[in-house]
Amino acid sequence: MLLPKSCSLKVNGNYCQVRPSYIVSITAQQDEYMIGLVCDDHRQEIQKRLKALQGLEKVPMGNIRLQQIKMVMTDCVRSGNDDYTEIELIRNLATSK
């Protein structure tokens, strides 16, 4: 899943530009609602804001959940037709030995 590149918290009218560290959601009964993403610096701030919004009944009542984001990277190779042909030639040479 692709996630936004920055924290979703707005402070003093400006969005935070730091990479997110946590997925913020609220678990209510048997449902879970994703609220946004926050960086490490704004973890406590989002919890305070969500508790206040729950008190005003603007977001669902339930447990505020912060799940740490785990980055996964792959070594994908992007190539053109020439590279594909070269790989096939190398494979054919290796199998013919």
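Before going into details, it helps to say that this report is about the structure given with it.

Observations regarding the pairing of strand β3 (residues 22-28)
Part 1 of the reasoning: When you tally the buried positions in β3, you get six out of seven residues, the bulk of the element.
Part 2 of the reasoning: In this sheet, strand β4 (residues 31-38) lies alongside β3 in antiparallel orientation, the contact comprising seven bridges. Bridging across to β4, Ile26 finds its partner in Tyr33.
Part 3 of the reasoning: Connecting the antiparallel pair β3 and β4 is a turn made up of two residues, with Gln29 showing a positive phi of about 55 degrees.
Part 4 of the reasoning: Sheet topology places β3 next to strand β5 (residues 63-68); six bridges connect them, and they run antiparallel. When the bridges of β5 are listed, Tyr22 appears paired with Gln68.

Scoring rules and cut-offs
- Residues numbered from 1 in each chain as written.
- Predicted model: local features only at pLDDT ≥ 70, side-chain atom pairs only at ≥ 80, totals over all residues.
- Heavy atoms only, no water.
- Buried < 20%, exposed > 50% of the residue type's maximum accessible area, 1.4 Å probe, protein only.
- Helix = DSSP H or I, 4+ residues; strand = E, 2+ residues; numbered from the N terminus.
- Pairing = 2+ DSSP bridges.

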